[in-house]
Amino acid sequence: MFHAKRLQKELSKIHQGLPPGIHLVAANDFQEWQMDIEVLDENPLYHGKTYRLNFKFSSNYPIEAPEVMFIRATDRDIPMHPHIYSNGVICLDLLSSGNGWSPVQSVESVCMSIQSMLTGNTKNERPDGDDQFVLRTNRSLRNIRFVYDDPTV
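Rules used in this analysis
Residues numbered from 1 in each chain as written. Predicted model: local features only at pLDDT ≥ 70, side-chain atom pairs only at ≥ 80, totals over all residues. Heavy atoms only, no water. Helix = DSSP H or I, 4+ residues; strand = E, 2+ residues; numbered from the N terminus. Buried < 20%, exposed > 50% of the residue type's maximum accessible area, 1.4 Å probe, protein only. Contact = heavy atoms within 4.5 Å. Areas by Shrake-Rupley, 256 points an atom, 1.4 Å probe, with all protein chains shown as cover. Salt bridge = Lys/Arg side-chain N within 4 Å of Asp/Glu carboxyl O. Expected span 1.5 Å × (residues − 1). Core = buried A, V, L, I, M, F, W, Y, C linked by side-chain atoms within 4.5 Å. Pairing = 2+ DSSP bridges. Axes fitted to C-alpha atoms, helices over the stretch in contact; angles between N-to-C directions. Arc of directions from axis to C-beta.

1. A short note on the overall build of the protein chain
- Helix and strand content of the protein chain: three helices and four strands.
- Helices and strands appear in the protein chain in the N-to-C order α-β-β-β-β-α-α.
- Counting across all 153 residues of the protein chain, residues that qualify as buried make up 46%.
- In the protein chain, the proportion of contacts linking residues at least 24 apart, taken out of those at least 6 apart, comes to 60%.
- Surface summary for the protein chain: the accessible area is close to 8400 Å², and the carbon and sulfur share equals 49%.

Right, here's the structure in full:
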């Protein structure tokens with residue numbers, strides 16, 4: 001039950017306040033949370049828009065990264081980005097256990113990293129192969145292996 005204790009600690013910190021543009025939507029249990037993020041600069045791709053992230057936690061959290069993806073909701077769409085597929089899957093090494101993930105990361109730090117990823121983007125496009133990827137992505141996010149080779153975004 002270490003993951004529950006860790007998530008309780010994170011939730012307490014979240015209730016004390018989050019960075020600008022990051023908002024807790026739902027955290028009814030220690031299995032799945034939803035967060036909203038906004039890009040706060042004048043980036044025309046995202047200005048005035050809010051996006052919803054869904055976090056799924058395994059019993060191995062924080063040793064294992066949470067599964068994080070964008071989801072559609074009322075007036076919440078999937079952001080256009082070269083590392084975000086149209087089904088909401090995010091290609092980001094930080095979210096990959098064994099690659100960029102570290103147990104010192106948190107829900108807040110993941111939201112901040114994704115917020116920063118959006119802020120720095122200038123390309124109004126999906127990843128190459130988006131249509132094919134979306135058609136065959138019916139497995140757990142943990143089982144998707146990305147190759148991280150685009151330092152330009």
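On we go from here.
2. Some remarks on the pattern of salt bridges
- Taken as a whole and judged by the stated rule, the model has six salt bridges.
- Its salt-bridge partner being Lys13, residue Glu108 comes within 3.0 Å of it at the nearest N-O pair. With Glu108 in helix H2 (residues 107-119) and Lys13 in helix H1 (residues 2-16), this residue pair connects regions lying 95 residues apart in the sequence.
- Note that Arg52 is salt-bridged to Asp36, the shortest N-O span being 2.7 Å.

3. Let's talk about H2
- The end-to-end C-alpha separation of H2 is 18 Å, in line with the 18 Å expected for 13 residues at 1.5 Å each.
- In the core, the buried residues of H2 are packed alongside H1, strand S1 (22-26), strand S2 (32-38), strand S3 (50-56) and strand S4 (67-71).

4. Examining the nonpolar core
- Counting 32 residues, the largest nonpolar core has Phe55 and Phe70 as the members making the most contacts within it.
- Of all the elements in the fold, those that place two or more residues in this core are H1, S2, S3, S4 and H2.
- With six residues, the single largest contributor to this core is H2.
- The contact partners of Phe70, leaving out residues within four places of it in the chain, are Ile37, Tyr51, Arg52, Leu53, Ile78, Pro79, Ile84, Asn87, Gly88, Ile90, Ile114 and Leu118.

5. Quick notes on the sheet that holds S2
- Taken together, four strands build an open sheet; the order of strands is S1-S2-S3-S4 and the sheet is antiparallel. If you trace the sheet from one side to the other, it starts and ends with S1 and S4, each paired once. Taken pair by pair, the neighbouring strands of this sheet meet at an average axis angle of 30°, ignoring direction.
- In the sheet, S1 pairs with S2 via four bridges, with the strands oriented antiparallel.

6. Examining unusual backbone geometry
- At the junction of Tyr61 and Pro62, the peptide bond is cis and its omega measures out at 10° in the coordinates.
- With respect to the secondary-structure elements, Pro62 resides in the loop between S3 and S4.

7. As for H1
- Look at H1: 22 Å from first C-alpha to last across 15 residues, which is about the 21 Å you get at 1.5 Å a residue.
- Of the residues making up H1, those classed as buried are His3, Ala4, Arg6, Leu7, Glu10, Leu11 and Ile14. Down the axis of H1, the buried set is contained in an arc of 160°. They therefore lie on one face. Counted as exposed and oriented over 90 degrees from the buried face of H1: Phe2, Lys5, Lys9, His15 and Gln16.

No statement about biological role is implied by the geometric values presented.
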